Every structure is written in structure tokens, then in C-alpha cells.
Amino acid sequence: MPGPKHFRNGTILLLAATLAGACEQTSGIAPTTGPMFSDVGNTAALPQFNDVLIPAGAKIYVERTLILGENPWYGQLTLGVAGDLPALFEQYRRDMQSLGWQEVTSIRAAVSVITFMREDRVATVQIQASRLRGSEVTITVSPRGGTGGTPARGGSGPIRPAPVQRQ
């Protein structure tokens, strides 16, 4: 017959399992102070993301997403996506090109990375296996920097760190 110690350990395990399950709650798009996940639904609800692939059923990690502007948008969009890394890698290679992005380079690894260019923007798609299930996709879109300090088509040129003053 289990004693009080076994009962206490079982209660702690039940409490831990309940708390872990609560981490996967989802809701509609909300401000960054909202929930950890947000259902994307269909991309028509998110017009600023109509130029990048957002797979069906993807969830936005709100706390790890930072978007600036709308058309064009820049920033980092982090998604939880059902599916394994190799299939998502091929889907991004194919579908980003159909959205007008040109593949620049790619690396298949535990964390796979594909870089695309489109007009004056660069998109980097990073795909890795999720800790819980499926995959995590991080899409980073930024202005394309110039070469040799020359601004890219109307851009302000590459961002450089401020000089460090020594005392």
C-alpha cells in the first residue's frame, strides 16, 4: 500500500503534467503581451505575410516574433508547424520561389537554413525540430544591404555598430 510519500510524489507529477499541458493554449492574433501561441488560420487574415509561406495550421510564437511595417514588412516571424524538417525544407524551397523569392543558398542540417532574395529584401528561413512535436520555423526578413558600403536600391546602406570609445 502506498504511503504518504508516494501520494505526495503523485500529486507533484499530476500538477507538473497539468502545467505543461497549459503551455499549449492558443488563441487569435493578439498583442505581444498576449499568449505564447497564436493560431494563424489562413494567411488572408494576415495580409502583411502574404509574400512568405505560412503552412496550413501553423501557430505563431507571439513572444518570439517582432514585425515592423506592413507592406513591405521586416522582422522575425517564429512559427510552430506540424511536419518534419525534410518535408518543410522542400516545401519552403518550392513555395517561396512560387511567391517570387529567388533561392540564394541553403544548408541541410539539424537546423536547416534557406536564404532567399526578392527585390530589395532578403528572407532567411530557419527550420529545426520542435522540442514537443513538429518543427519550428523562423522567418527573418530584412532589407538587402549594399556591397562595399553602397546602399541597396534606395536603402540607407548596411547598419554598422557605433564606434567604441576607449577611456
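In case you missed it, the structure is sitting above this.
Attention in this report is confined to the structure presented alongside it. (Residues numbered from 1 in each chain as written. Predicted model: local features only at pLDDT ≥ 70, side-chain atom pairs only at ≥ 80, totals over all residues. Heavy atoms only, no water.)

### A word on helix α2 (residues 85-98)
Note the following rule: Elements are defined by DSSP. Helices are runs of H or I of four residues or more, strands are runs of E of two residues or more, and each kind is numbered from the N terminus. Residue count minus one, scaled by 1.5 Å, sets the expected span of a helix. Burial status follows relative accessibility: with a 1.4 Å probe on protein chains alone, a residue under 20% of its type maximum counts as buried, one over 50% as exposed, and anything between as partly exposed. By construction, the arc corresponds to the directions joining the helix axis to the C-beta atoms. Whether two residues touch is decided by their heavy atoms; if any such pair falls within 4.5 Å, the residues are in contact.
An ideal rise of 1.5 Å per residue puts 20 Å on 14 residues; α2 measures up with 20 Å between its terminal C-alpha atoms. Of all the positions in α2, only L85, L88, F89, Y92, D95 and M96 are classed as buried. Seen end-on, α2 carries its buried residues on one side only, within an arc spanning 155°. With respect to the buried face of α2, the exposed residues turned more than 90 degrees away are R94 and S98. Looking at the buried side of α2, the elements it contacts are β4 (74-81), β5 (102-107), β6 (111-118), β7 (121-129) and β8 (135-143). Following α2 by one or two positions, G100 has its phi on the positive side, about 100°.

### Some words on the nonpolar core
To keep things clear, this is the line we draw: Put simply, buried Ala, Val, Leu, Ile, Met, Phe, Trp, Tyr and Cys residues joined by side-chain atoms within 4.5 Å make one nonpolar core.
Of all hydrophobic cores here, the largest spans 25 residues; its most connected members are V52, L79, Y92, M96, V137 and I139. Among the secondary structure elements, those contributing two or more residues to this core are β4, α2, β6, β7 and β8. With five residues, α2 is the single largest residue contributor to this core. Dropping the residues within four chain positions of it, I139 is found in contact with V52, L53, W73, G75, Q76, L77, L79, Y92, T124 and V125.

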